[in-house]
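# Remarks on the overall topology
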Amino acid sequence: MLSVEDLYVNYGTLRIIQGVSMKIEDGEMISLVGSNGAGKTTLLKTISGLKKPESGKILLDGEDISALSPDRIVARGLVQIPEGRKLFPQMTVQENLELGSYLKEAKKKRKETLAYVYEMLPDLKKKAAMPAGSLSGGQQQMVAIGRGLMACPKILIFDEPSIGLSPLLTDIMFEIIRKIKDSGTTVMLVEQNVQNALKMADRGYVLEQGRIAMEGRAADLLENEELKKSYLGI
Ligand SMILES: Nc1ncnc2c1ncn2[C@@H]1O[C@H](COP(=O)(O)OP(=O)(O)OP(=O)(O)O)[C@@H](O)[C@H]1O
Ligand SMILES: [Mg+2]
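This text gives an overview of the structure that appears in the document. Residue positions within a chain follow its written sequence, with the count starting from 1. A letter from A marks each chain and a number from 1 marks each ligand, given out in the order of writing. Given that the model is predicted, a residue must reach a pLDDT of at least 70 before its local features are reported, and side-chain atom pairs must reach 80 or more before they are shown or counted; all residues, however, enter totals for whole chains, interfaces and linings. The side-chain numbers reported here are obtained from all heavy atoms of the structure, hydrogens and water having been left aside.

## Side note on the overall build of the chain
Selection rule: Secondary structure counts use DSSP, requiring at least four H or I residues in a row for a helix and at least two E residues in a row for a strand, with both numbered from the N terminus. Both definitions apply: the radius of gyration is a C-alpha atom measure, and the globule rule equals 2.2 Å times residues to the power 0.38. Buried residues are those whose accessible area, probed at 1.4 Å on protein chains only, stays under 20% of the maximum for their type, while exposed residues exceed 50% and partly exposed ones sit between those limits. Residues count as neighbours in contact if any of their non-hydrogen atoms are within 4.5 Å of one another. Each accessible area is a Shrake-Rupley estimate made with a 1.4 Å probe; only the visible protein chains count as cover when residues are assessed. Positive charge is attributed to Lys and Arg, negative charge to Asp and Glu, and no charge count is given to His or to the chain ends. Note that the charge is assigned to NZ on lysines, CZ on arginines, CG on aspartates and CD on glutamates.
Of regular secondary structure, the chain possesses 11 helices and 10 strands. Scaling as 2.2 N^0.38, a compact globule of 234 residues should have a C-alpha radius of gyration of about 17 Å, and the chain matches this with 17 Å. The principal-axis extents of the C-alpha atoms in the chain amount to approximately 45 × 40 × 30 Å. Buried positions account for 52% of the 234 residues belonging to the chain. The long-range fraction of contacts in the chain, counting pairs at least 24 apart against all pairs at least 6 apart in sequence, stands at 67%. Total accessible area on the chain stands at roughly 11100 Å², and carbon and sulfur atoms take up 50% of it. Across the chain, the centroid of the 31 positively charged side chains sits 5 Å from that of the 30 negatively charged ones.

Here it is as structure tokens:
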């Protein structure tokens, strides 16, 4: 479904992403893990069209999307839930959700998608009329996920959804992501929480200083001695 081929991305003269290749099959869940500053968000911004690559290809269903604008990429079904949620705090929960379906095709299905989102995230229904900014961090993360679902994604990409959440809320968050996957959406999960992210995934990639340092079946990566030493403190 999504394939990244030999991608290079710079900030000015700084080389951030240096020859990354990866792919995600239809219905698969992959986790991309890596420490602070490895280039995860930069890679996601580039996939979403917010940042242009120096070279390389990004193929969605076989078509190169690397020159398309972010909204055209969303319209093709690739949707990102950004790091730090990026909600409109004064607007209500429901208004924030509806913003996720501003494009034509998603707008047509707005009512039924909203029902699906409230079914998936029942806590949000009770808070529908409240300003998003008045919710707890965990609930705001749910709103961000709901807004992403409102765009009717074929592939949903999460940028560190567990950041700032308690261990309990992190578990709940990962459970929701699993439900979204089980409903048939392809998922790419980006995390510093290496163990949890790999436990849930079919396959994993480890990004180090802008390069893929390891990749493979998630279960194998969790058993990898090098990965255990560097990321799991074992
Ligand atoms: N707008 C920018 N201008 C210049 N350099 C940037 C910019 N954004 C990120 N960088 C640099 O690019 C590198 C990768 O940053 P990026 O945010 O992609 O990492 P990350 O893996 O998402 O980290 P984190 O886990 O902390 O979110 C870092 O060295 C960072 O300082
Ligand atoms: Mg980041």
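More follows now that the structure is in view.
## Some thoughts on the packing of aromatic side chains
Using the following cut-off: Two rings from Phe, Tyr or Trp (for Trp, the six-membered ring) form a pair when their centres are within 6.5 Å of each other. A pair whose planes differ by under 30 degrees is stacked, one over 60 is edge-to-face, and the rest are tilted. Think of it as a cone above the ring: NZ of Lys or CZ of Arg counts as a charge over the ring if it is within 6 Å of the ring centre and within 35 degrees of the ring normal.
Applying the stated criterion to the full structure yields 0 aromatic pairs. The cationic tip of lysine 51 hangs over the ring face of tyrosine 11; the distance from NZ or CZ to the ring centre is 4.6 Å.

## Side note on the environment of proline 131
With respect to the helices and strands, the residue proline 131 is situated in the loop between α6 (122-126) and α7 (137-150). Proline 131 gets classed as partly exposed once you look at its relative accessible area, which sits at 37%. Not counting chain neighbours up to four residues away, the residues in contact with proline 131 comprise Pro89, Gln90, Met91 and Thr92.

## Focus on the nonpolar core
This is how it is decided: The set of buried Ala, Val, Leu, Ile, Met, Phe, Trp, Tyr and Cys residues whose side-chain atoms join them within 4.5 Å is what this entry labels a nonpolar core.
In terms of nonpolar packing, the biggest core is built from 46 residues, with Leu97, Leu124, Ile145, Phe158, Ile177, Ile180 and Leu227 touching the most fellow members. If you tally residues by element for this core, the top one is α7, at 6 residues. Beyond its immediate sequence surroundings of up to four residues, leucine 227 is in contact with Val194, Leu198, Val206, Met214, Leu221, Leu222 and Leu232. Membership of the second largest hydrophobic core comes to 28 residues, among which are Val9, Ile58, Leu60 and Ile157.

## Details of the environment of lysine 199
Mapped onto the fold, lysine 199 is located in helix α9 (residues 194-200). Separated by 19 residues in sequence, lysine 199 and alanine 218 place their C-alpha atoms 6.8 Å apart.

## Digging into the pattern of salt bridges
What counts, and what does not: For salt bridges, the criterion is a side-chain nitrogen of Lys or Arg within 4 Å of an Asp or Glu carboxyl oxygen.
One pass over the structure, following the stated rule, counts 10 salt bridges. The partner of lysine 154 in a salt bridge is aspartate 61, with the nearest N and O atoms 2.7 Å apart. Taken together, the positions of lysine 154 in the loop between α7 and β7 (155-159) and aspartate 61 in the loop between β4 (55-60) and β5 (63-64) put the pair 93 residues apart, joining distant regions of the chain. On the basis of relative accessibility, which here comes to 39%, the residue lysine 154 falls in the partly exposed class. Of the charged contacts, one joins lysine 181 and aspartate 202 as a salt bridge, the two residues approaching to 3.2 Å between their closest N and O atoms. Here lysine 181, found in helix α8 (residues 167-182), pairs with aspartate 202, found in the loop between α9 and β9 (203-208); they are 21 residues apart in sequence, far enough to count as distant.

## Some thoughts on the sheet that holds β7
What counts here: Here, strands pair whenever DSSP counts at least two bridges between them. Axes here refer to lines fitted to C-alpha atoms; in helices the fit is confined to the stretch in contact. Angles between the N-to-C directions go from 0 to 180 degrees.
Spatially, β6-β7-β8-β3-β9-β10 is the arrangement adopted by the 6 strands of the open sheet, whose pairing is mixed. Every interior strand has two partners, whereas the edge strands, β6 (78-81) and β10 (211-217), have only one. Strand-to-strand, the axes of this sheet are offset by a mean angle of 15°, without reference to chain direction. Judged from the 6 bridges that link them, β9 and β10 form a sheet pairing that is antiparallel. Directly across from tyrosine 205, in β10, lies its bridge partner glutamate 215. The sheet strands contacting α7 are β6 and β7, and the helix crosses β6 at an angle near 170°. Of the strands in this sheet, β9 and β10 are in contact with helix α11 (residues 225-232), which crosses β9 at around 60°.

Spatial relationships are all this shows, so hold off on functional conclusions.
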